[in-house]
Amino acid sequence: MIKVSDHAKEKAIQLMREDGFDASEDYIRVGVKSGGCSGLEYVLRFDNQKTEADQIFEDNGIKIIVDKKSILYLAGTTLEYSGGLNGKGFVFNNPNAARTCGCGESFSL
């Protein structure tokens, strides 16, 4: 469903630890909401709870929670991490996106 690159995995584990989460037990919650300059906006946060409306995926040792509404928008997406001077942080490489904004945080279908 959602893939996690090696670099994104390393950074997620580091940031989760800094925020008091454990990557072996806790989750990255990924979703989509209305907003942003292209119509839909990505949501990403760490979480330690799941609901009945969530689906859990695991890739590259990282557990990802996606709410049922967002699954259709995120199928086939790869979570990447872009660091360095011009880095954007976590980046969604979404094959479903017809258009993305310049910051890469929003998209349209």
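Residues numbered from 1 in each chain as written. Predicted model: local features only at pLDDT ≥ 70, side-chain atom pairs only at ≥ 80, totals over all residues. Heavy atoms only, no water.

Participant: Residue-level account of the nonpolar core, with values.
Facilitator: If you look at the biggest cluster of nonpolar residues, it comprises 22 residues, and the most contacted ones within it are Ile-28, Val-30, Ile-62, Ile-64, Val-66 and Leu-74. When residues no more than four places from it in sequence are discounted, the contact partners of Leu-74 are Met-1, Ile-2, Val-30, Gly-31, Val-32, Tyr-42, Val-66, Asn-94 and Asn-96. (Core = buried A, V, L, I, M, F, W, Y, C linked by side-chain atoms within 4.5 Å. Buried < 20%, exposed > 50% of the residue type's maximum accessible area, 1.4 Å probe, protein only. Contact = heavy atoms within 4.5 Å.)

Participant: Would you mind going over the packing of aromatic side chains in detail, with residue names and values included?
Facilitator: Under the definition given, this model contains three aromatic pairs. Between Phe-21 and Phe-46 the ring centres are 5.9 Å apart and the planes differ by 55 degrees, which places this aromatic pair in the tilted class. Of this pair, Phe-21 sits in the loop between helix H1 (6-18) and strand S2 (27-34) while Phe-46 is found in strand S3 (residues 40-47), placing the two residues 25 residues apart along the sequence. Its relative accessible area of 13% is what places Phe-46 among the buried residues. Note on Tyr-42 and Phe-92: the rings are 4.1 Å apart at their centroids and 10 degrees apart in plane angle, and the pair reads as stacked. (Phe/Tyr/Trp six-rings, centres within 6.5 Å; stacked < 30°, edge-to-face > 60°. Helix = DSSP H or I, 4+ residues; strand = E, 2+ residues; numbered from the N terminus.)

Participant: Hey, could you go over the pairing of strand S7 (residues 89-93) for me, with residue numbers and the actual values?
Facilitator: Here S7 lies mainly inside the structure; four of its five residues are buried. Note that strand S6 (residues 78-82) and S7 share five bridges and pair antiparallel. Bridging from a neighbouring strand, Glu-80 pairs with Val-91 of S7. (Pairing = 2+ DSSP bridges.)

Any functional reading would require information beyond the geometric quantities listed.
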